[in-house]
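Breakdown of the fold
This is what each chain is made of:
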Amino acid sequence: MKKIIKFEKKDCAPCNMVSEYLDRKGVDYEKINAFDQPEVAAKFRVRSLPTVIVLEKDEEVGRIIGFKPDELNRLVEAV
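Residues numbered from 1 in each chain as written. Predicted model: local features only at pLDDT ≥ 70, side-chain atom pairs only at ≥ 80, totals over all residues. Heavy atoms only, no water.

- For the protein, an unreviewed UniProt entry supplies the name Thioredoxin and the organism Rhizosphaericola mali.

1. Structural notes on the sheet that holds strand β1 (residues 2–8)
- On the basis of which strands lie adjacent, the open sheet formed by four strands has the order β2-β1-β3-β4 and mixed pairing. On the outer flanks of this sheet lie β2 (30–33) and β4 (59–65), each paired with one strand and no other. Each neighbouring strand pair of the sheet contributes to a mean axis angle of 25°, computed without reference to strand direction.
- Two elements, strand β3 (residues 51–56) and β4, share six bridges in a ladder whose sense is antiparallel. Considered in β4, the bridge of V54 is made with G62. (Pairing = 2+ DSSP bridges. Helix = DSSP H or I, 4+ residues; strand = E, 2+ residues; numbered from the N terminus. Axes fitted to C-alpha atoms, helices over the stretch in contact; angles between N-to-C directions.)

2. Things to note about the pattern of salt bridges
- Here the structure, examined in full by the defined rule, presents three salt bridges.
- Between K3 and E30 there is a salt bridge, and its shortest N-O distance comes to 3.5 Å. One end of the pair, K3, is in strand β1; the other, E30, is in strand β2, and 27 residues separate them in sequence.
- With its nearest N and O atoms 2.2 Å apart, the salt bridge here joins K6 to E8. The same class applies to K6 as to E8, namely buried. (Salt bridge = Lys/Arg side-chain N within 4 Å of Asp/Glu carboxyl O. Buried < 20%, exposed > 50% of the residue type's maximum accessible area, 1.4 Å probe, protein only.)

3. What about the state of the cysteines?
- Under the counting rule described, the total for this entry stands at one disulfide.
- Linked covalently through their sulfurs, C12 and C15 form a disulfide whose S-S length is 2.4 Å. Since a negative S-S torsion denotes a left-handed disulfide, the C12-C15 link at about 75° is right-handed.
- Among the residues examined, C12 registers a relative accessible area of 8% and is labelled buried. (Disulfide = S-S within 2.5 Å.)

4. Description of the side chain of S19
- Along the polypeptide, S19 turns up in helix α1 (residues 13–25).
- Among all residues touching S19, those that are not within four sequence positions of it are K6, E8, Y29 and K31. (Contact = heavy atoms within 4.5 Å.)

5. Some words on unusual backbone geometry
- With omega at -5°, the peptide bond leading from L49 into P50 counts as cis.
- With respect to the helices, strands and loops of the structure, P50 is situated in the loop between α2 (38–43) and β3.
- Positioned with a positive phi, D11 is a non-glycine residue whose angle comes to about 65°.
- Assignment of secondary structure puts D11 in the loop between β1 and α1.
- Positive phi, normally seen in glycine, also occurs at K57, with a value near 55°.
- As for its position among the elements, K57 is in the loop between β3 and β4.
- On the accessibility criterion, K57 (73% relative accessible area) is exposed.

Printed below as a string of structure tokens:
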């Protein structure tokens, strides 16, 4: 089973756009505020926000940086 983690920060317009998109598509994902949990962001080598990471058996199998509807669409179809 795949797990989706979205790294964001408060008041980030592109972060909100990604959340709205994933919510509208009914995708189950975990939100992590990169500024509140910098150790988690560092573990996943997050350097830009928003970053969406797809994990399968705790291994990263996909990453999307920024609001990219086409890539998010492919992610939704693959999950």
